[in-house]
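Breakdown of the fold
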Amino acid sequence: SFNIRYASANDSDNSWSYRKQFVLETIRLVRRELPPNVPLIGYSGTPFTLATWMVEGGSSREFSMCRRLLYGDPELAHLILTKLTDLAIDFLGAQ
């Protein structure tokens, strides 16, 4: 069984919208300093990679905890992957 705690979307101090503003401001500052002909490339890990980092606490060769989550609680795994997919789409779109 997994005890995963995540911030509520209604918690303004922890919400993605609140945190995203700092990432986007950093991107604006970096872009302002780059010459116009130098692209700034955006990045996001795949939802599975992000989930692995969350569940395993870092990269993994065996994915033992992730596999345990996927097989042991597929509904929670699906929820996590869906939320991470939505966040990645939003994050990359904002970049």
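The present account deals with the structure reproduced in this document. Keep in mind the model is a prediction, meaning the values are calculated, not measured. (Residues numbered from 1 in each chain as written. Predicted model: local features only at pLDDT ≥ 70, side-chain atom pairs only at ≥ 80, totals over all residues. Heavy atoms only, no water.)

**Concerning a nonpolar patch on the surface**
A cluster of nonpolar residues, Phe48, Leu70 and Tyr71, forms a patch on the protein surface that exposes about 340 Å² of accessible area. By the element assignment, Tyr71 lies in helix α3 (residues 64–72). By relative accessible area, which is 72% here, Tyr71 ends up exposed. (Patch = residues over 30% accessible without salt bridge, like charges linked within 9 Å, V, L, I, M, F, W, Y side chains within 5 Å. Areas by Shrake-Rupley, 256 points an atom, 1.4 Å probe, with all protein chains shown as cover. Salt bridge = Lys/Arg side-chain N within 4 Å of Asp/Glu carboxyl O. Helix = DSSP H or I, 4+ residues; strand = E, 2+ residues; numbered from the N terminus. Buried < 20%, exposed > 50% of the residue type's maximum accessible area, 1.4 Å probe, protein only.)

**What about the pattern of salt bridges?**
Under the criterion given, the structure shown has two salt bridges. Ionic pairing is found between Asp90 and Lys20, a salt bridge with its closest N-O pair at 3.1 Å. With Asp90 in helix α4 (residues 74–94) and Lys20 in helix α1 (residues 16–33), the pair connects residues that are 70 residues apart, well separated along the chain. Overall, the relative accessible area of 15% leaves Lys20 in the buried class. A salt bridge links Arg28 to Glu25; the shortest N-O distance between them is 3.2 Å. You can see Arg28 and its partner Glu25 sitting in helix α1, three residues apart, about one turn around the helix. By relative accessible area, which is 36% here, Glu25 ends up partly exposed.

In short, shape yes, function no, at least from these values alone.
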